[in-house]
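Working through the structure, step by step
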Amino acid sequence: MLRSLSMGLIALLMIFGVATAQQDPWIGVAAGGHNGKVILFGIPSMKLLKEIPLGVDIQDVVIGGGTIYAVDKALDKVFAIDLKTLTKTKTISLPSPFGAGSIAITPDGKSLFAAGELTGKVT
């Protein structure tokens, strides 16, 4: 499992008030590659908490405002996952063809930006 996670993007997040069955104080988020999933695991136990199928080609994830955002380059979509329920709550469509390879969120969690590899634009 660690070997496959190292191939994807890993972001670590401390979640206050949310605990896994093992009482892990942190949740790790892994995404990347062509399986279209975001993987959530407990830290330090490394116990798999949930695999969330979202699309085709998840390229990047960011965390802000109680939400994990994952961008799918092939589908030109951004998916939102609620940190409390660990479920997909929203799908945001980007202009097509856009080819978003990375996303960023402002420190206050109110604005999300996607960089289009096919267009050279940020939206």
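To start, this report covers the structure provided alongside it. As the structure is a prediction and not an experimental result, all values here were calculated from the model.

**Here's the deal with the overall build of the protein chain**
- Each helix and strand counted, the protein chain has one helix and 10 strands in total.
- Counting from the amino terminus, helix and strand elements in the protein chain follow one another as α-β-β-β-β-β-β-β-β-β-β.
- Counting every position in the protein chain, which comprises 123 residues, the buried fraction comes to 39%.
- The long-range fraction of contacts in the protein chain, counting pairs at least 24 apart against all pairs at least 6 apart in sequence, stands at 27%.

**Some details on the nonpolar core**
- Ranked by size, the top nonpolar core spans 15 residues in total, and within it Val38, Leu40, Leu54, Ile58, Val61 and Ile68 carry the most contacts.
- Counting only elements with at least two residues in this core, the list comes to β2 (26-31), β3 (37-43), β5 (58-64), β6 (67-72) and β7 (77-82).
- Sort the elements by how many residues they give to this core and β2 lands first, with three residues.
- Grouped together as the second largest cluster of nonpolar side chains are 10 residues, Val62, Val78, Leu94 and Ala114 included.

**Digging into the pattern of salt bridges**
- As enumerated under the stated definition, the model contains two salt bridges in all.
- The partner of Glu51 in a salt bridge is Lys37, with the nearest N and O atoms 3.0 Å apart. Of this pair, Glu51 sits in strand β4 (residues 48-53) while Lys37 is found in strand β3, placing the two residues 14 residues apart along the sequence.
- Overall, Lys37 belongs to the partly exposed group, its relative accessible area being 27%.
- A salt bridge links Glu117 to Lys73; the nearest nitrogen and oxygen atoms lie 2.5 Å apart. One end of the pair, Glu117, is in the segment after β10 (112-116); the other, Lys73, is in the loop between β6 and β7, with 44 residues separating them in the sequence.

Thresholds, definitions, all that
Residues numbered from 1 in each chain as written. Predicted model: local features only at pLDDT ≥ 70, side-chain atom pairs only at ≥ 80, totals over all residues. Heavy atoms only, no water. Helix = DSSP H or I, 4+ residues; strand = E, 2+ residues; numbered from the N terminus. Buried < 20%, exposed > 50% of the residue type's maximum accessible area, 1.4 Å probe, protein only. Contact = heavy atoms within 4.5 Å. Core = buried A, V, L, I, M, F, W, Y, C linked by side-chain atoms within 4.5 Å. Salt bridge = Lys/Arg side-chain N within 4 Å of Asp/Glu carboxyl O.

Keep in mind these values describe shape, not function.
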